[in-house]
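Listed below are the residues making up each chain.
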Amino acid sequence: MTIEMLYSKIHRATVTDANLNYVGSITIDEELLEASKMRVGQKVEILNINNGERFSTYIILGQRGGREICLNGAAARKVHKGDKVIIVAYATYNDKDLETYEPTVVLVNDENTITEVLKSI
């Protein structure tokens, strides 16, 4: 049996831009990607704390240290600059994987600077 579980999340990131005239996706600072163990091209869910929107997109690489969280294309209509979002990635685990299962949770401040990285929910 396999179970889909939380793989990683970036918690309460601040949207720095919303670019409607882009092909689509979410641009995330490279440092945040590394800390969260997320990957370019990976499917993620975006949970907008301000308006309750939940939607999926994929990751593109942002400039290291730029603290960018930018929703692009159609997703730009789901957020406003300054909104707080949770970026969530899931993975499928088997029973053996779950014996050592540890999701990564990246906490950030209002400027999208990492304040803590947790290995639990």
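Along every chain, residues carry numbers that run from 1 in the direction the sequence is written. Totals for whole chains, interfaces and linings use every residue, but because this is a predicted model, local features are given only for residues with pLDDT of at least 70 and side-chain atom pairs only at 80 or more, for both listing and counting. In computing side-chain properties, one takes all heavy atoms of the structure into account and sets aside hydrogens as well as water.

Focus on the sheet that holds strand E2 (residues 17–19)
For two strands to be treated as a pair, DSSP must find at least two bridges joining them. Each helix corresponds to a stretch of at least 4 residues labelled H or I by DSSP, and each strand to a stretch of at least 2 residues labelled E; elements are numbered beginning at the N terminus. Spatially, the 9 strands line up as an open sheet ordered E2-E6-E3-E5-E4-E7-E1-E8-E9, and their pairing is mixed. The sheet terminates laterally at E2 and strand E9 (114–118), the two strands that pair on one side only. On average, adjacent strands in this sheet sit at an angle of 30° to one another, irrespective of strand direction. Here 4 bridges tie strand E1 (residues 2–14) to strand E8 (residues 104–108), and the two strands are oriented parallel to one another. Angles here are taken between N-to-C directions and fall from 0 to 180 degrees, while the axes themselves are lines fitted to C-alpha atoms, restricted in helices to the stretch in contact.

A short note on the environment of Val-40
Note on placement: Val-40 falls in the loop between helix H1 (30–36) and strand E4 (43–48). For Val-40, a relative accessible area of 52% gives the class exposed. Contacts: residue pairs with any heavy atoms within 4.5 Å of one another. Each residue touching Val-40, except ones within four places of it in the same chain, is listed here: Leu-33, Ile-59, Ile-60 and Leu-61. The rule is simple: take the accessible area with a 1.4 Å probe, protein chains only, and divide by the maximum for that residue type; under 20% is buried, over 50% is exposed, in between is partly exposed.

Description of the pairing of strand E3 (residues 25–29)
Extensive coverage of E3 is indicated by the burial of 5 of its 5 residues. Of the two faces of E3, both are covered, the one formed by Ser-25, Thr-27 and Asp-29 as well as the one formed by Ile-26 and Ile-28. Pairing of E3 with strand E6 (residues 69–72), which is carried by 4 bridges, proceeds in the antiparallel orientation. Looking at E6, one finds that Ile-28 is bridged to Ile-69.

Some details on a nonpolar patch on the surface
Patch membership is restricted to residues that have no salt bridge and whose relative accessible area is over 30%. Joining uses 9 Å for like charges and 5 Å for the nonpolar side chains Val, Leu, Ile, Met, Phe, Trp and Tyr. Methods summary: accessible areas were calculated by the Shrake-Rupley approach with a probe of 1.4 Å, and residue burial reflects only the protein chains presented. Put simply, a salt bridge is a Lys or Arg side-chain nitrogen that is within 4 Å of an Asp or Glu carboxyl oxygen. On the surface, a cluster of nonpolar side chains totalling about 340 Å² of accessible area is made up of Tyr-22, Val-23 and Tyr-58. You can see Tyr-22 is positioned in the loop between E2 and E3.

A closer look at the pattern of salt bridges
According to the stated counting rule, one finds 8 salt bridges in the structure shown. Salt-bridge contacts for Asp-29 lead to Arg-67; the nearest nitrogen and oxygen are separated by 3.6 Å. On the criterion of sequence distance, the pair formed by Asp-29 in strand E3 and Arg-67 in the loop between strand E5 (54–62) and E6 is long-range, its members being 38 residues apart. The class for Asp-29 is buried, based on a relative accessible area of 0%. By relative accessible area, Arg-67 is classed as partly exposed at 24%. Residues Arg-67 and Glu-31 are paired through a salt bridge, measuring 2.7 Å at the closest nitrogen-oxygen approach. Placement of the pair is Arg-67 in the loop between E5 and E6 and Glu-31 in helix H1, with a sequence separation of 36 residues.

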